[in-house]
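One-letter residues, chain by chain:
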Amino acid sequence: QQKVQQSPESLIVPEGGMASLNCTSSDRNVDYFWWYRQHSGKSPKMLMSIFSNGEKEEGRFTVHLNKASLHTSLHIRDSQPSDSALYLCAASGSSNTNKVVFGTGTRLQVLP
Amino acid sequence: AQTIHQWPVAEIKAVGSPLSLGCTIKGKSSPNLYWYWQATGGTLQQLFYSITVGQVESVVQLNLSASRPKDDQFILSTEKLLLSHSGFYLCAWTGANTGQLYFGEGSKLTVL
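Presented here is a report on the structure given in the accompanying data block. For every chain, the first residue of its written sequence is number 1, and the numbers climb from 1 along that sequence. Lettering of chains starts at A and numbering of ligands starts at 1, both following the order in which they are written. Restriction of local features to residues with pLDDT of at least 70 applies here, the model being predicted, together with a cutoff of 80 or more for giving and counting side-chain atom pairs; totals for whole chains, interfaces and linings are based on all residues. Excluding hydrogens and water, the side-chain values take into account all heavy atoms of the structure.

Right, let's get into the overall build of chain A. Each helix is a run of H or I in the DSSP string that is no shorter than four residues. Each strand is a run of E no shorter than two, and both are numbered from the N terminus. For chain A, the helix and strand inventory stands at zero helices and eleven strands. Relative to its length of 112 residues, chain A is compact, with a C-alpha radius of gyration of 13 Å against a globular reference of 13 Å. A simple rule labels every residue: compare its accessible area, found with a 1.4 Å probe on the protein chains alone, to the largest value its type can have, and call it buried under 20%, exposed over 50%, or partly exposed in between. A burial count over chain A gives 47% of its 112 residues as buried. Contacts are residue-level and defined by heavy atoms, with any inter-residue pair within 4.5 Å sufficient. Of the contacts made within chain A by residues no fewer than 6 positions apart, 54% connect residues no fewer than 24 positions apart. Counting every atom, chain A has about 5300 Å² of accessible surface; 47% of that belongs to carbon and sulfur. Only four residue types enter the charge count, namely Lys and Arg as positive and Asp and Glu as negative; His and the chain termini do not. For this purpose, a charge sits on NZ of Lys, CZ of Arg, CG of Asp or CD of Glu. Of the charged side chains in chain A, 11 are positive and 9 negative; the average position of the first set lies 8 Å away from that of the second. In this setup the radius of gyration rests on C-alpha atoms only. A globule is expected at 2.2 Å times the number of residues raised to 0.38. Computed with a 1.4 Å probe, the accessible areas rest on the Shrake-Rupley method; for each residue, only the protein chains presented here act as cover.

In structure tokens form, the structure reads like this:
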């Protein structure tokens, strides 16, 4: 069964700092990766997606993907206290996009 | 615009009692619908998905069942709750063919 592993489990960064989160899938059939953010008591919201090798930037958020190693990373620059949340990586393959597997999560805390 | 509504928002139930959680989506015809479960502070575990009325695929059952009685409705139920059923239940639909998920606001279940 596909597993999606995230690291670190938790991360504390100062306000204005850089947060770097990692995610690796064990399934070679994975084609799509997403990063979701979930604030406490709320439902997850999609933050960024990446489907091709390389890098994608949206505002303070940058995501990288290396398809050969099935590794993606999310970088948040100029971190804000409002970025404090659970970050979940998700992956699926083009052969069955109905099975989306979520990673173990990284809990980010940004200290003012 | 599509909207997804889950009910109830929260439930406190006794072990052994029945449960029914619901989800309705508006503004999207023939959506793919999903149920996810999340233990407190944990990752999301996919339970069921449905691509059409009357058809439900089980991913992980956890002594739960799901039904799709209408195009815009997805129901999660069990006749006998276990303590391990406690958690946050999320209904979702997919947008693009890649499998990006849009979640409802969730139903928090506490089993005592």
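Okay, the sheet that holds strand S8 (residues 73–78) of chain B next. All names here are of chain B. With antiparallel pairing, four strands are arranged side by side in an open sheet as S1-S3-S8-S7. Two strands bound the open sheet, and with one partner strand each, they are strand S1 (3–7) and strand S7 (65–70). When strand polarity is set aside, the average angle formed by the axes of neighbouring strands in this sheet is 20°. By this definition, two strands are paired if DSSP reports at least two bridges between them. Alignment of strand S3 (residues 19–26) against S8, held across six bridges, turns out to be antiparallel. The partner of Cys 23 across the bridge, within S8, is Phe 74. Between N-to-C directions, angles cover 0 to 180 degrees, with each direction set by a line fitted to C-alpha atoms, over the stretch in contact for helices.

So, on to the interface of chain A and chain B. If you look at the interface, chain A gives 23 residues, while chain B gives 21 residues. Interface area for chain A against chain B, summed over the two sides, is near 1700 Å², with a carbon-plus-sulfur share of 51%. Of all residues in chain A, Ser 43, Asn 98 and Phe 102 of chain A bury the most surface against chain B, accounting for 30% of the area lost on that side. A carboxyl oxygen of Asp or Glu within 4 Å of a side-chain nitrogen of Lys or Arg is what we treat as a salt bridge. Our count for the contact surface shared by chain A and chain B stands at one salt bridge. One salt bridge connects Lys 45 of chain A with Glu 105 of chain B, and the closest N-O pair in it is separated by 3.7 Å. Here a polar contact is taken to be a pair of N or O atoms separated by no more than 3.5 Å, where protein atoms must pair a possible hydrogen donor with a possible acceptor and residues adjacent in sequence count only if both atoms sit in side chains. Linking chain A with chain B are eight residue pairs in polar contact (both at pLDDT 80 or more), by the criterion used here. Where the side of chain A that touches chain B is concerned, the elements lending two or more residues are strand S4 (32–38), strand S5 (45–50), strand S9 (85–93) and strand S10 (96–102) of chain A. Residue contributions to the side of chain A that touches chain B peak at six residues, all from S10 of chain A. Buried area: the accessible surface (1.4 Å probe) lost by two parts on joining, summed over both.

In this section: unusual backbone geometry. Cis geometry marks the peptide bond from Ser 7 of chain A to Pro 8 of chain A, where omega comes out at -10°. Residue position: Pro 8 of chain A is located in the loop between strand S1 (4–7) and strand S2 (10–14). For Leu 70 of chain A, which is not glycine, the phi dihedral falls at a positive 55°. Topologically, Leu 70 of chain A is positioned in the loop between strand S7 (61–66) and strand S8 (71–76). By relative accessible area, Leu 70 of chain A is classed as buried at 4%. Despite not being glycine, Asn 63 of chain B has its phi angle at roughly 60°, a positive value.

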